[in-house]
Amino acid sequence: MKKLLLLITHGMMLVLGFGLGIYALPIMTQPDKPSMTEIGQVATSALFTGQFERDLEGSDALHYGSGTLYINANKIAFDGQISPGPDYKLYLSPVFVENKTDFLANKDKMLNIGDVRTFNGFMLDIPEGINPADYQAVVIWCESFNLFITAAKYH
């Protein structure tokens, strides 16, 4: 009985440690976030702005975003916070989605802009030839776990 109890408790600790590692590794390995000057430069030339909000239908206590998004002709900048996690991708979307089901139903119409590797502000280049006016929302999606993180409609 003692061996079974030890096996169960050690197994639970292994699972807990693995989960904490998945959560902590992206935080420990994230590059420096863009400076407020860099974000400010995109903000002053922004063609569009939007807001990530914590209370979207598909967000939860571990998967969320809050803050302001700025989009100019060449860059997407974000000043705020998103929950940390692995393998986040930022998509431009022709429709606003706020949950996993809607994301998956529209993913083939979306454009993957790049990886989000910082969680308290980020900046990504918009690929040449892409016009952000052809889209109306930004979505952050976790590819590894097929999880909706957050989205913002921009105007």
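Residues numbered from 1 in each chain as written. Predicted model: local features only at pLDDT ≥ 70, side-chain atom pairs only at ≥ 80, totals over all residues. Heavy atoms only, no water.

Draft legend 1. Summary view of the environment of Glu-53. Assignment of secondary structure puts Glu-53 in the loop between β1 (48-52) and β2 (65-71). Note on Glu-53: relative accessible area 42%, which makes it partly exposed. Separated by 86 residues in sequence, Glu-53 and Val-139 place their C-alpha atoms 12 Å apart. Discounting residues that sit within four places of it in the chain, Glu-53 has contacts with Gly-65 and Thr-150. (Helix = DSSP H or I, 4+ residues; strand = E, 2+ residues; numbered from the N terminus. Buried < 20%, exposed > 50% of the residue type's maximum accessible area, 1.4 Å probe, protein only. Contact = heavy atoms within 4.5 Å.)

Draft legend 2. Broad picture of the pairing of strand β7 (residues 137-142). Counting buried residues in β7 gives 6 out of 6 residues, a clear majority hidden from the surface. Neither face of β7 is exposed, since Ala-137, Val-139 and Trp-141 on one face and Val-138, Ile-140 and Cys-142 on the opposite face are all buried. The sheet contact formed by strand β4 (residues 88-93) and β7 spans 6 bridges and is antiparallel. For Tyr-88, the partnering residue across the bridge sits in β7 and is Cys-142. Bridging between β7 and strand β8 (residues 147-153) involves 6 bridges; their strand directions are antiparallel. When the bridges of β8 are listed, Ala-137 appears paired with Lys-153. Hairpin remark: β7 followed by β8, antiparallel, with 4 residues in the connecting loop; positive phi at Asn-146, about 50°. (Pairing = 2+ DSSP bridges.)

Draft legend 3. Examining the sheet that holds β7 more closely. Taken in spatial order, the 4 strands make up an open sheet running β5-β4-β7-β8, and their pairing is antiparallel. One side of each edge strand has no neighbouring strand; the edge strands of this open sheet are β5 (111-116) and β8. On average, adjacent strands in this sheet sit at an angle of 25° to one another, irrespective of strand direction. (Axes fitted to C-alpha atoms, helices over the stretch in contact; angles between N-to-C directions.)

Draft legend 4. Main features of the side chain of Asn-99. Mapped onto the fold, Asn-99 is located in the loop between β4 and α3 (100-106). Judged by its relative accessible area of 10%, Asn-99 is buried.

Draft legend 5. View of the pairing of β1. Here β1 shows a clear split, with Phe-48, Gly-50 and Phe-52 buried on one side and none of Thr-49 and Gln-51 buried on the other. By the bridge criterion, 5 bridges tie β1 to β2 in an arrangement that is antiparallel. Within β2, the position partnered with Thr-49 by the bridge is Tyr-70.

Draft legend 6. Spatial organisation of the packing of aromatic side chains. Taken as a whole and assessed by the stated rule, the structure comprises 6 aromatic pairs. Consider the rings of Phe-48 and Tyr-154, whose centres lie 5.1 Å apart with planes at 55°: the pair is tilted. Here Phe-48 is found in strand β1, whereas its partner Tyr-154 is found in the segment after β8, with 106 residues between them in sequence. A relative accessible area of 5% places Tyr-154 in the buried class. Sitting over the ring of Tyr-64, Arg-54 keeps its end group 3.6 Å from the ring centre. (Phe/Tyr/Trp six-rings, centres within 6.5 Å; stacked < 30°, edge-to-face > 60°. Lys NZ or Arg CZ within 6 Å of the ring centre and 35° of its normal.)

Draft legend 7. Structural detail: unusual backbone geometry. In this model, Asp-87 sits at a positive phi of 60°, which is unusual for a non-glycine residue. Along the chain, Asp-87 turns up in the loop between β3 (75-82) and β4. The backbone phi angle of Asn-146 is positive, close to 50°, even though this residue is not glycine. Inspection of the secondary structure assignment puts Asn-146 in the loop between β7 and β8.

Draft legend 8. Examining the pattern of salt bridges more closely. Considering all chains together, one arrives at 5 salt bridges under this definition. Salt-bridge contacts for Lys-75 lead to Asp-125; the nearest nitrogen and oxygen are separated by 2.4 Å. You can see Lys-75 sitting in strand β3 and its partner Asp-125 sitting in strand β6 (residues 122-125), a full 50 residues away along the chain. Between Asp-115 and Arg-117 there is a salt bridge, with its nearest N and O atoms 2.8 Å apart. For Arg-117, a relative accessible area of 52% translates into the label exposed. Each of Asp-87, Lys-89, Asp-115 and Arg-117 takes part in salt bridges that share partners, so that together they form one network. (Salt bridge = Lys/Arg side-chain N within 4 Å of Asp/Glu carboxyl O.)

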